[in-house]
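Letter by letter, the chains look like this.
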Amino acid sequence: MSKIKLLYQVFSNPKRLRRLLSFNNPDSYLTEIGWFNAFESRFPVNEHNNPIPWVTYSFIDFIQARLKKEHSVFEFGSGNSTFFYAKYAKKVVSVEHDKEWYDKIVQSKPENSHMIFCELVRDGEYCRIPLTLKEKFDIIIVDGRDRVNCCKQAINAVSDTGVIVLDDSEREGYNEGMDFLKDKGYKQLPFSGISPGLFYRKSTSIFYRPDNCLDI
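Residues numbered from 1 in each chain as written. Predicted model: local features only at pLDDT ≥ 70, side-chain atom pairs only at ≥ 80, totals over all residues. Heavy atoms only, no water.

**Q** Can you tell me about the packing of aromatic side chains, naming the residues and giving the values?
**A** Describing an aromatic ring pair means giving the distance of the ring centres and the angle of the ring planes. Following the criterion strictly, the structure yields twelve aromatic pairs and no others. Look at Trp35 and Phe36: their rings are 5.1 Å apart centre to centre, the planes differ by 90 degrees, and that puts the pair in the edge-to-face class. The exposure class of Trp35 is buried, given its relative accessible area of 3%. Judged by centre distance (5.5 Å) and plane angle (70 degrees), the rings of Trp35 and Phe199 are edge-to-face. Remark: Phe199 occurs in the loop between β6 (187-193) and β7 (202-208) and Trp35 occurs in helix α4 (residues 35-41); sequence separation between them is 164 residues. One aromatic cluster in this structure is built from Trp35, Phe36, Phe39 and Phe199. (Phe/Tyr/Trp six-rings, centres within 6.5 Å; stacked < 30°, edge-to-face > 60°. Buried < 20%, exposed > 50% of the residue type's maximum accessible area, 1.4 Å probe, protein only. Helix = DSSP H or I, 4+ residues; strand = E, 2+ residues; numbered from the N terminus.)

**Q** Kindly report on the sheet that holds strand β1 (residues 72-76), identifying the contributing residues and their values.
**A** The strand order β3-β2-β1-β4-β5-β7-β6 describes an open sheet built from seven strands, whose pairing is mixed. On the outer flanks of this sheet lie β3 (113-117) and β6, each paired with one strand and no other. The mean angle between the axes of side-by-side strands here comes to 15 degrees, regardless of whether they run parallel or antiparallel. Both strand β5 (residues 158-167) and β7 contribute to a ladder of four bridges, which runs antiparallel. The residue bridging Leu166 from the neighbouring strand is Ser205, located in β7. Strand contacts of helix α9 (residues 147-154): β1, β4 (137-142) and β5, with the helix running at about 170 degrees to β5, the strand carrying the most contacts. Each of β5, β6 and β7 is contacted by helix α10 (residues 175-183), which is oriented at about 25 degrees to β7, the strand it contacts most. (Pairing = 2+ DSSP bridges. Axes fitted to C-alpha atoms, helices over the stretch in contact; angles between N-to-C directions. Contact = heavy atoms within 4.5 Å.)

**Q** Describe the pattern of salt bridges, and please don't skip the residues or the numbers.
**A** Taken as a whole and judged by the stated rule, the model has ten salt bridges. Asp103 is paired through a salt bridge with Lys99; the nearest N and O atoms lie 2.9 Å apart. Taken together, the positions of Asp103 and Lys99, both in helix α7 (residues 99-106) and four residues apart, correspond to about one turn of that helix. Residue classification places Lys99 among the partly exposed residues on the basis of a relative accessible area of 40%. Note that Lys202 and Asp167 form a salt bridge whose closest N and O atoms lie 3.0 Å from each other. You can see Lys202 sitting in strand β7 and its partner Asp167 sitting in strand β5, a full 35 residues away along the chain. For Lys202, a relative accessible area of 4% gives the class buried. What makes Asp167 buried here is its relative accessible area of 3%. Taken together, the salt bridges that share partners define one network made up of Asp143, Arg147, Asp167, Asp168, Arg171 and Lys202. (Salt bridge = Lys/Arg side-chain N within 4 Å of Asp/Glu carboxyl O.)

Here's what the structure looks like:
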């Protein structure tokens, strides 16, 4: 179901809208997790308006408890997620294809983060950026563009104990990338549910092997 159709169903039904708004109280779960803060600001933030990734809350709960200061993170795409991962990990390297967005984030990025601008060409340099860095990452986040090819290239840049995270893994268009990872011996652990400020159900998946850095 599209966002527009879902919003129409909510706002065209007064009873449903009143019920949704009733959750905007100090004791509700949506308030507790900061969902209304994200909805109103149109940015992924928590109950304290601190930056969080635009992924499912179930994944955020899981990864936040397992991130360690010795972990190195690479992410395809940047934003509030960059600030979130930098807070808990040793370092974060992000590649961004949107020059305007890159210029905005790079001005205030965390000290332990590094940003790379790369124009987007399908199956080109963008998906291969982590390989050019000549190092292995503990966690690779695939949350930018060209995600199937990013998944395929990530296996050559992830450490022996590393994991690969794919956001929006419920989308059929990413099946090729997920099947590729599974064929390479990775298992999939999906985290489904809602995400900051959004109504619809989505999924964020971790692809892992035995003896991984998240102790899965």
